[in-house]
Structure formats: C-alpha cells, structure tokens
Amino acid sequence: MTEADPEELARALSGESIARGDPSGWFERLYSAAEGGEAVVPWDRGAPHPLLVDWAETTRLDGGDRRSLVVGAGLGSDAELIAGLGFRTTAFDISPTAIQMALDRFPQSEVQYAVADLLDPPEEWRRAFDLVVEIITVQALPRSVRAEATAHVRDFVAPGGTLLVISTALGDGDDPNSGPPWPLTRTELEAFAGDELEVRHIDRFPHPDEPQIQRWRAEFTRPA
Ligand SMILES: C[S@@+](CC[C@H](N)C(=O)[O-])C[C@H]1O[C@@H](n2cnc3c(N)ncnc32)[C@H](O)[C@@H]1O
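Residues numbered from 1 in each chain as written. Predicted model: local features only at pLDDT ≥ 70, side-chain atom pairs only at ≥ 80, totals over all residues. Heavy atoms only, no water.

Engineer: Give me the lowdown on the pattern of salt bridges, citing residues and values where you can.
Structural biologist: Taken as a whole, this structure holds 13 salt bridges when the rule is applied. In this structure, the salt-bridge partner of Arg217 is Asp54, at a minimum N-O distance of 2.9 Å. One end of the pair, Arg217, is in strand β7 (residues 214–221); the other, Asp54, is in helix α3 (residues 50–58), with 163 residues separating them in the sequence. When its relative accessible area of 9% is taken as the criterion, Arg217 is described as buried. With a relative accessible area of 31%, Asp54 lands in the partly exposed category. (Salt bridge = Lys/Arg side-chain N within 4 Å of Asp/Glu carboxyl O. Helix = DSSP H or I, 4+ residues; strand = E, 2+ residues; numbered from the N terminus. Buried < 20%, exposed > 50% of the residue type's maximum accessible area, 1.4 Å probe, protein only.)

Engineer: Before we move on, can you summarise the domain arrangement of the protein chain with the specific residues and values?
Structural biologist: Annotation of the protein chain at the domain level lists domain 1 (1–42) and domain 2 (43–221). Contact with domain 1, which involves 15 residues of that partner, is made by 20 residues of domain 2. At the boundary of domain 1 and domain 2, one finds zero salt bridges. For the interface between domain 1 and domain 2, the tally reads seven residue pairs in polar contact (both at pLDDT 80 or more). Looking at the side of domain 1 that touches domain 2, the elements with two or more residues in it are α1 (6–19) and α2 (25–35). When residues of the side of domain 1 that touches domain 2 are assigned to their parent elements, the largest contribution, seven residues, is made by α2. Class assignment of the residues belonging to the side of domain 1 that touches domain 2 gives a composition of nine nonpolar, three polar and three charged. (Domains from an automatic or database assignment. Contact = heavy atoms within 4.5 Å. Polar contact = N/O pair within 3.5 Å; in protein donor to acceptor, adjacent residues only side chain to side chain. Nonpolar A, V, L, I, M, F, W, Y, C, P; charged D, E, K, R; others polar.)

Engineer: Pulling in residues and values, what's your account of the packing of α1 against α2?
Structural biologist: Contact geometry for α1 and α2: axes closest at 8 Å, N-to-C directions at 145°. Between α1 and α2 the crossing geometry is right-handed. Of the residues in α2, those in contact with Leu9, Ala10, Leu13, Ser14, Glu16 and Ser17 of α1 are Gly25, Trp26, Arg29 and Leu30. For the contact of α1 with α2, the class distribution of residues is five nonpolar, three polar and two charged. (Axes fitted to C-alpha atoms, helices over the stretch in contact; angles between N-to-C directions. Left-handed = near helix turned anticlockwise from the far one by under 90°.)

Next up, the structure:
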C-alpha cells in the first residue's frame, strides 16, 4: 500500500484499530505516515469544503467576534475559513500530528488548535460555541460510537448558536458496514437535533464529480 492507494491504507489501519476497540487510533498513524511521505491523507482538499464555502457565502456568515468550534479539524482549512470570517475559532483533532501539520500549514493562524477527543471532550466546551462545524468526522467513526459522537457535537452548541453538519449520505443499496467512511442515514443526521437543538435546514447535494454520491448539509439551531 502506497500513496497510490490511500483508501486501502485507511481501511487497513482502521480495521486494526477498531478491532483493538480504538475507533480513532488509526488517524494518528495515517497522519504520521503522511507526514513521512509514506501515505496521503485521502480527505485533504487543501482548501475549505465547497459546501461550507457556499453556506458561508449564501448566509453572509460573519463571526462578529463570536466563538466557533471546528470538530475533527484535520489539516485546518475549514477552521481558517471560519476564523477569517471573524469568529474566535477553536479547532480540535485527536491526532497530534494533524494539529502540528495544520500549524505548519498556517503559521500566522489565529485559530486555537487543540488535541482533543470528540468522545471525551473538555467539560468547558459544553454549550460554549456560537457556531459548531462538523465536516465528515462523525461518518469517519464506526456506528458503535455514532450516538455518543453525535451527542457530544450537539452539546457544544451554545444557546442561540448554530451547528453545521456536512456529511456523505448513505445511498440506497450501499452496505452500511463497509467503512470507513460510514455515511449517515437521514435518521442519523436528524439525530443531531434533540436536547433543545432544532433542525433549521436539511439539504442534499450530488457530488459534482461523482453524482451517484450524495452529500448532506444540515443546519441546526439552539434557541437563545
Ligand atoms: C475524515 S477526516 C475529516 C477531517 C476534516 N474535518 C476535513 O473535512 O478535512 C476525520 C478527522 O477526524 C479526526 N478524528 C477522528 N476521531 C476523532 C476523535 N475521537 N476526536 C477528534 N477528532 C477525531 C481525524 O483525525 C480526522 O482528522
């Protein structure tokens, strides 16, 4: 397995990690291999997610010094976009190497990058953020921890705040167990609501290059 086959490497690493009962352990191994030039990060776009860019433009998103949190921030492009719009942004990832690579990529960054675990997040992050951005992290975790991961994401949203979720949609006929990733069903997407968080919009978009792949973009809000 080499750079030419990043998804197979991800599958092999994740299989070993999950078998050990550690659904997130393989990410650090993958990022370390990528840093050493032995692998590529399959989800690294080198730019913010296009559905986030579009949402920010159409909603005229303006941080106005409010606080945002980017979940599973990877190499930082989404966090940088949000920080550039005026949010005081925290971005976290379980992989120390990913966080270091983000800091190296954006040396002038105003983002507070942190190593943290979505499945055991800092207590002070509960209901602390006006905007929470979750892009394809929950789908990167197996269904055995999906409810727990979803609940923690929901819990980050402050009163009056917004949660944006972007994810692949599980298609009709797709094998729900052949991950990573494990795309979200509509029911799994709607599960971000609850505990006072309400659905504002759920949209579905075909992938521009592979129209058989559908993607969710969903916005949730917590009443002030
Ligand atoms: C599929 S990648 C997506 C990265 C980024 N959101 C993007 O769209 O480019 C999933 C990310 O979640 C991180 N991750 C996995 N499990 C995590 C956990 N338990 N807590 C925090 N981050 C986690 C991984 O290290 C990885 O960077």
